Structures are given as structure tokens and as C-alpha cells.
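Here is what each chain is made of, one letter per residue.
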Amino acid sequence: MQERSILIYDTTLRDGTQGEGVSLSLQDKLNIAQRLAEIGVDMIEGGYPLSNEKDAMFFQKARQLKLGSSLLAAFGMTRRRGMKSADDPGLAALIAAQTPVITIVGKSWDFHATEVLGVSLQENLDMIGETVEYLSRYAQIVYDAEHYFDGYRANPQYAVSTVETAARAGAKWIVFCDTNGGSLPEQVAQVVKDSKIRLDPLGPRLGIHCHNDGDLATANSLSAIDAGCDQIQGTFNGIGERCGNADLVCVISNLQFKKQGYRMLRDGSLQHLTELSRYIYETANLVPRNSQPFVGRSAFAHKGGMHVHAVNKFAHTYEHMNPELVGNERRILVSELSGRSNIAALTQKHGADPDRLLLDRILESVVKKENQGYQYEAAEASFDLLVTNTKQPKPPSIFWSSNARGPTHRTLKPSNTRSSQVIWTHQETSNTQRRS
Ligand SMILES: [Zn+2]
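Cut-off values and rules
Residues numbered from 1 in each chain as written. Predicted model: local features only at pLDDT ≥ 70, side-chain atom pairs only at ≥ 80, totals over all residues. Helix = DSSP H or I, 4+ residues; strand = E, 2+ residues; numbered from the N terminus. Buried ≥ 20, exposed ≤ 12 C-beta atoms within 10 Å, placed from the backbone. Contact = placed C-beta atoms within 7 Å. Arc of directions from axis to C-beta. Pairing = 2+ DSSP bridges. Axes fitted to C-alpha atoms, helices over the stretch in contact; angles between N-to-C directions. Core = buried A, V, L, I, M, F, W, Y, C linked by C-beta atoms within 7 Å. Parallel < 35°, antiparallel > 145°, perpendicular 65-115°, else oblique. Left-handed = near helix turned anticlockwise from the far one by under 90°. Nonpolar A, V, L, I, M, F, W, Y, C, P; charged D, E, K, R; others polar.

Student: What is the right way to read the overall build of the chain from this model?
Tutor: Counting its regular elements, the chain contains 18 helices and twelve strands. Relative to its 436 residues, the chain shows a buried fraction of 43%. Pairs at least 24 residues apart make up 73% of the contacts formed inside the chain by residues separated by at least 6 positions.

Student: It is not clear to me how helix H11 (residues 273-283) should be interpreted in this structure. Could you clarify?
Tutor: Turn by turn, an α-helix covers 3.6 residues, leaving residues three or four places apart pointing in a common direction. Residues of H11 that are buried include every one of Leu273, Thr274, Leu276, Ser277 and Ile280, and no others. Along H11, the residues classed as buried sweep out an arc of 170° about the axis, all on the same side. Looking at the buried positions of H11, the neighbouring elements they touch are helix H1 (26-38) and helix H10 (248-259).

Student: Which parts of the structure should I look at to understand the sheet that holds strand S5 (residues 101-107)?
Tutor: Strand-to-strand pairing in sheets goes through backbone hydrogen bonds, with the strands running parallel or antiparallel. Reading around the barrel, the eight strands line up as S2-S3-S4-S5-S6-S7-S8-S9 and close back on themselves, with parallel pairing between neighbours. Mean inter-strand twist for the sheet, computed between neighbouring axes without regard to direction, equals 25°. Where helix H5 (residues 121-135) meets the sheet, it contacts S5 and strand S6 (140-146), and its direction lies at approximately 175° from that of S5. Packing against the sheet, helix H8 (residues 185-199) makes contact with strand S7 (173-178) and strand S8 (205-210), and its axis sits at approximately 155° to S7.

Student: Can you walk me through the nonpolar core in this structure?
Tutor: Proteins that are soluble and globular tend to have nonpolar side chains buried together. Formed by 93 residues in total, the largest nonpolar core has its most connected members in Ala73, Tyr143 and Ile174. Apart from the residues lying within four places of it in its own chain, the contact partners of Tyr143 are Ile104, Gly106, Val132, Ala166, Ala171, Trp173, Ile174 and Val175. Grouped together as the second largest cluster of nonpolar side chains are 17 residues, Leu333, Ala344, Leu358 and Leu359 included.

Student: Looking at this structure, how should I read unusual backbone geometry?
Tutor: Even without being glycine, Arg242 reaches a positive phi, approximately 55°. Mapped onto the elements, Arg242 comes out in the loop between strand S9 (231-234) and H10. When the 13 C-beta atoms within 10 Å are taken as the criterion, Arg242 is described as partly exposed. Despite not being glycine, Gln260 has its phi angle at roughly 60°, a positive value. Along the chain, Gln260 falls in the loop between H10 and strand S10 (262-263).

Student: Just checking my understanding: could you explain the packing of helix H9 (residues 217-226) against H10 for this structure?
Tutor: With their axes 10 Å apart at the nearest point, H9 and H10 run at an angle of 55° to one another. Considered as vectors, H9 and H10 are oriented oblique to each other. By crossing handedness, the relation of H9 to H10 is classed as right-handed. Residues Thr218, Ser221, Leu222 and Ile225 of H9 form the contact with H10, whose participating residues are Cys250, Val251, Asn254, Leu255 and Lys259.

Student: So what exactly am I meant to see when it comes to the environment of Tyr148 here?
Tutor: Considering the arrangement of structural elements, one finds Tyr148 in helix H6 (residues 148-154). Residues Tyr148 and Val188, spaced 40 residues apart in sequence, show a C-alpha to C-alpha distance of 9.9 Å. Ignoring anything within four residues of it in the chain, the contact list for Tyr148 reads Ser108, Ala159, Phe176 and Cys177.

Student: What am I meant to see in the packing of H1 against helix H2 (residues 53-61) here?
Tutor: Each pair of packed helices gets described by two things: the angle between the helix axes and the distance between those axes. Running from N to C, H1 and H2 point in directions that differ by 45°, and their axes come no closer than 10 Å. If you check the angle between H1 and H2, you find them oblique. Of the two elements, H1 crosses H2, and the hand of that crossing is right-handed. Taken together, the residues of H2 that come into contact with H1 (itself represented by Leu26, Lys29 and Leu30) are Lys54, Met57, Phe58 and Lys61. Among the residues making up the contact of H1 with H2, the classes are represented as four nonpolar, no polar and three charged.

Student: Is there a simple way to think about the environment of Thr388 in this case?
Tutor: The topology assignment puts Thr388 in helix H15 (residues 380-391). Counting along the chain gives 26 residues from Thr388 to Ile362, while the straight-line C-alpha distance between them is 9.5 Å.

Student: Please explain H9 as it appears in this structure.
Tutor: Burial within H9 is extensive, with nine of its ten residues counted as buried. If you check which residues of H9 are buried, you get Ala217, Thr218, Ala219, Asn220, Ser221, Leu222, Ser223, Ala224 and Ile225. The positive-phi residue at the C-terminal boundary of H9 is Gly228, with phi of around 125°.

Listed below in C-alpha cells is the structure:
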């Protein structure tokens, strides 16, 4: 099968930092850019050089990074109204960033142009065309059509004319932005298809930039790919303003493992997705989302006893894919909902004899402790201790009681020896029998 190449454009360092609670230092941004390049992200948006000193410094320092084939992109807006492109300080800052890619955002929605920007519809088109034409002399231009889907719904002719203007002025990429994140997958597909018919004769390639306000950013991105887009913009872990951006982890994993027939990133890099996702959480001082699909800590965690029993026999009964493909791992949780299978899976690493009696004893201890308010799900070390104590009760109270028999005294050692386990098992068996 002929694989289709999809360009991955990361905006974690720009759109991602607009997320509540996200803050990256200059060094953090440089470190993340390096890591993104290592897995082969095609374009890495570093920031908006006019907006702050840190972003301007980033582009200077980033020249020392070894980014391989990854291209850095500087982000900015169309020229100000009533000003020539050559006089605009924002465009000057973009040129000074000396990046091979410049991304320009412009208005697609007639209402936004006239009511928020305060310019006529023609002036908005002039701002788009002149800016793209001017900056095309310095870098490859990605044109982000802000509010494209809202704009298209309000005035399709005008929305299309904005991206046609950018394409005629030399933009290599036209990226449709679902800025408010409220579109549905079928709406995205239709708008991309209709716009593609108008844009194809002008030659630009198409991309998609989705926000997650309806929890549909991944679905909308995939829908746009089906409709003809070849570039996906998003952030790692979906961080970004409001409900965030399309999570590149999910978009990439779905394209690679579910839809198939697509090629992206460097060969072998998908096995590092989990590691990279966690690195970015840590660097951004964010708590990882355990339920994050594919790479979350709980993405392949099993708790229900029947599920664990089945997964131990055939993993695909309760796992949609092999977690190792994205560098994640299967986890078996233990709780009062566990069955013998959960306990067996977890005790194997202790070299415990997986006989039913011992497993039942451990499970019984877990249930008893959970009734008292303890939890073992997120406390693996405490569970290890519980297993150890259940395997080998404290010697003095049991072995030196007046009921202990002669041979027990001679073989007892306070260490975890095989002989003491045997005696313990024998004694526990007797006790169990007495109770029943
Ligand atoms: Zn955005």
C-alpha cells in the first residue's frame, strides 16, 4: 500500500504555553525543541518573537540546537492596518528570528475583521496578501486561517477569498483553524473538501489546526486528513488555551495504528511517545493525565478481576493495542475489586508460590485493609509489604508461642528462608482448617 506522508507541526512552545498553568523557561523551550526534533517532528513553532523577550531569545539560542531535518517556525500576525509591511515591527521581528518557516495568522471571519480588528473586508485581504508576499522572500510561509470554520459558516465566499489571497501571495501551506474548537467532524470534512476545490488550482498544500472545546480535536483532525489535509498542527499532551489543542500523541497514534497507510515522524520514534509525553508534563510542571489515551499511566491498567483474568490469557480482550508500540506498559491494579488473577500477576515478581491458598490470603488482606480505608492501587510498595507480611508473618508472636511444636523451633530463622516458608505454610494451613 502506498503510504501517505503527513507533516507534523508542533505548537507546544507557542499555543501550548497559552494553557492555564503552563509556563516554560527559555531553557525548557530549548530542551523540548531538541526532544521534538529527535523524534522527527517536521516543524517546531518556537514562539511569537514580538510578544516577549524570551521568545525572541529562543530563536537566537535555537541556532545552536541540532535539529536535523526539523524546521523551526516563528509565529506572527498579518501587518498592522494602515502600515506598510516593511515598516511593521512584528514582521521585522519575524525576519530577525531567521527561521526557515514563518507562520502568519490572519482573519477569515468577516465579523471578526470588521468588528474586532476594525478594518474593512478589503483591507483585511490586503493585509493578508501583502504580509505573505513580503515574508515569502525570507522563509517558507505557513498561513494559519484563524476562525476558518466559524468564518465559513458565516460567509463562505469571504472565508475562501482570504485563503485564496494567501495562496496567490505565495503561502506554501494553508492551515484551516477551528479556533473556537466547536466544530463537528462532518462539518470539518465538508468545509475542507469545498475549500480544497477552490485552492487546488493555486497550488498550496493544506493543513488543520483544531482546538478541543467539544472534545473533538482528535476526531476533527483525522476528519480533515481524510478530506485532503497533509499537515496537522497540535501540541503534545493537548496542552493549550481553554480545553487545549489537538493532542499530537493521539492524532499520531490513531493515524499510525488505527487508520494506517500514513507515514510521519522518524522510523522507530513512536515507541518514545510515552517517554516524550511525560518529559513534557514534567518540564511544564504539569500533573500527567492518567487517563490520557495511548500514553497515560492508566491507558493499559486493569482493575476488575474478570478483566485481568482475560488479559492474562489474551491481552487483546481488554486492550485495543499493544502498549509497547507507544512505549507504555500494562499495569495490573489491586483493590477490593480484584480477583485471584490480579494478585497472581502482581506477586509473581516476588517469586511467591502462586498457590491458591496464598493468593486467597493476600486478597483477603487487601479487602480487609480497604475496608479500613487503605488503598493499594497507587501504593505498589505498600502492596509489596503486604505480600511479604502475608507470606511470612512476624516470627516471635507465632513461632515462639506455647503451641509451637518442637521441630519449628529448630528450623526457624528470622530471615526469609525457604524452610521457614514451608513451616509457615504448614502452620497457616492448619489454622485455616481450624477456622473453617
Ligand atoms: Zn490555536
